[in-house]
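Summary of structural features
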Amino acid sequence: MDLIEVTSGALKFSVIPTRGMSIGQASLNDVVLGWKSPVLESVNPAYINLETRGGLGWLDGFNEWMVRAGIEWAGHPGMDKGRMLTLHGRIGNIPASEVQVVIEREKAITTLRVRGRVDERSMFGASLELWTEISTVVGSNIFTITDEIRNAGSLPQEFQIIYHGNYGAPLLEEGAQFVAPVREVRPIDAVAAKGIDEYQVYRGPVAGFGEQVYGVRLWADNAQRTTAMLRNRAGNKAVAMSYSVDELPYLNLWKNTGASEDAYVTGLEPATGYPANRSVERAAGRVPTLQPGERRKFSLDFAILRTAAEVSRHTEAIEKIRAGREVSVNLETIKPAN
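About the cut-offs
Residues numbered from 1 in each chain as written. Predicted model: local features only at pLDDT ≥ 70, side-chain atom pairs only at ≥ 80, totals over all residues. Heavy atoms only, no water. Helix = DSSP H or I, 4+ residues; strand = E, 2+ residues; numbered from the N terminus. Rg over C-alpha atoms; globule rule 2.2 N^0.38 Å. Buried < 20%, exposed > 50% of the residue type's maximum accessible area, 1.4 Å probe, protein only. Areas by Shrake-Rupley, 256 points an atom, 1.4 Å probe, with all protein chains shown as cover. Lys, Arg positive; Asp, Glu negative; His and termini not counted. Charge placed at Lys NZ, Arg CZ, Asp CG, Glu CD. Patch = residues over 30% accessible without salt bridge, like charges linked within 9 Å, V, L, I, M, F, W, Y side chains within 5 Å. Salt bridge = Lys/Arg side-chain N within 4 Å of Asp/Glu carboxyl O. Pairing = 2+ DSSP bridges. Core = buried A, V, L, I, M, F, W, Y, C linked by side-chain atoms within 4.5 Å. Contact = heavy atoms within 4.5 Å.

With that out of the way, let us pick up the overall build of the protein. Along the protein, the regular secondary structure elements total four helices and 23 strands. For 338 residues, the compact-globule estimate of 2.2 N^0.38 gives 20 Å, and the C-alpha radius of gyration of the protein, at 19 Å, lies within 12% of that figure. Dimensions of the protein, computed from the C-alpha atoms along their principal axes, are close to 55 × 55 × 45 Å. Here the protein holds 338 residues, and 55% of them are scored as buried. Roughly 14700 Å² of accessible area belongs to the protein as shown, and the carbon and sulfur atoms make up 49% of that amount. Taking the average place of the 37 positive charges on the side chains of the protein and the average place of its 40 negative ones, the gap between the two points comes to 2 Å.

This is the structure we're talking about:
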């Protein structure tokens, strides 16, 4: 396994080139972005069988703070056009083919960049190339993920991407809140529909809790930028992520507040679509296509907040985007009922 650890003042993060340039963890002093997974260590993709347990093998290596789902497909396992698609695609289990660490100094500003290229290619299959960069200005509490996906083949190619960001303590706790300018919220299934009145609030750990997933669309400002935040109960610690809804029009909210021994975790996941099987997403018009040689860029800023004043400022910015507009609660489940 290759692991790159970056320290930028109080901000720290780790990048795992062997696992598709996923980010293992990020932290700013006592605020940690990450979670306690039953998978205790980073697992080399050579030991992962994506097809095991009916296509759920992806879970056998799942412990990162940020792992991409995609990019030929993402979402739930199942058949699509006569092919078995495994959970959340392959990109998180493909080692990077090229890795660069760059330090840029311009006057009083130093920027740290970790770049990598991950190829998802197969004979008679996808020919997709992902270039990713994780960057930060030294001394800042903000870091940025910038990705570019290119269709390297000669034919149009579908793609999907979900930025599967996962959070546990200290941000996730009883009374923690998902704060965002929500435009529409939908349950993925009947289980999630039962808890939709509390989709923004978290309970403490409960053994045997059944995961709940919600598909969310957010309001944006005049530049089509939006912000979503996970804050703790006291409102003095949080993470805020900002991105373009033109690039990532959907957000998946995954609530898995099971016992801490099993997985007490939530996912705030900007995406090109919802996490249903690609066949469902295609039918709903949520699977984009790249023409030969076409590129698509994505950029997400993450700010780690450590004071009530910082959290309050970001809450006010979110409310400004919301501009008093109401949430549309759509009880039609994303996955068709059996």
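Turning to a nonpolar patch on the surface, a few remarks are in order. Together, Val327, Val329 and Leu331 give the surface a local cluster of nonpolar side chains, amounting to about 250 Å² of exposed area. Relative to the helices and strands, valine 327 is located in the loop between helix 4 (308-322) and strand 23 (328-329).

A large share of strand 19 (residues 250-257) lies buried, amounting to eight of its eight residues. In strand 19, alternate side chains face the same way, and those of Tyr250, Asn252, Trp254 and Asn256 on one face and Leu251, Leu253, Lys255 and Thr257 on the other are all buried. As defined by bridge partners, strand 16 (residues 212-218) adjoins strand 19 across five bridges and the pair is classed as antiparallel. Opposite glutamine 212, over in strand 19, you have lysine 255 as the bridge partner. Judged from the eight bridges that link them, strand 19 and strand 20 (residues 264-271) form a sheet pairing that is antiparallel. Paired with tryptophan 254 across the two strands is glycine 267, which belongs to strand 20. Taking the residues between adjacent antiparallel strands as the criterion, strand 19 and strand 20 are bridged by six residues.

Attention now moves to the pattern of salt bridges. Pairs can form between side chains of opposite charge once their charged atoms are near each other. Inspection of the entire model under this criterion finds 29 salt bridges. With a closest N to O distance of 2.9 Å, arginine 203 and glutamate 198 form a salt bridge. In this structure glutamate 198 comes out as partly exposed when scored by relative accessible area, which is 42%. For glutamate 281, the salt bridge identified is with arginine 286, shortest N-O distance 2.8 Å. For the pair glutamate 281 and arginine 286, a shared accessibility class is recorded, and that class is buried.

Attention shifts here to the nonpolar core. Grouped together as the largest cluster of nonpolar side chains are 60 residues, with contacts concentrated most on Phe178 and Phe302. The element that contributes the greatest number of residues to this core is strand 22 (residues 295-305), accounting for four residues. Residue contacts for phenylalanine 302: discarding those within four places in its chain leaves Trp65, Met66, Asn141, Ile142, Phe143, Ile145, Tyr167, Val239, Ala240 and Met241. Among the nonpolar cores identified, the runner-up in size contains 18 residues, and Trp35, Phe62, Val213 and Tyr250 belong to it.

Here the focus is unusual backbone geometry. The linkage connecting glycine 70 with the following residue, isoleucine 71, adopts the cis geometry, with an omega of 0°. Its location among the elements puts isoleucine 71 in strand 5 (residues 66-71). With an omega dihedral of 5°, the bond running from alanine 169 to proline 170 counts as a cis peptide bond. Tracing the backbone shows proline 170 in the loop between strand 13 (160-167) and strand 14 (177-179). Residues other than glycine seldom take positive phi values, yet methionine 21 does so here, at roughly 65°. Along the chain, the position of methionine 21 falls in the loop between strand 2 (11-16) and strand 3 (22-28).

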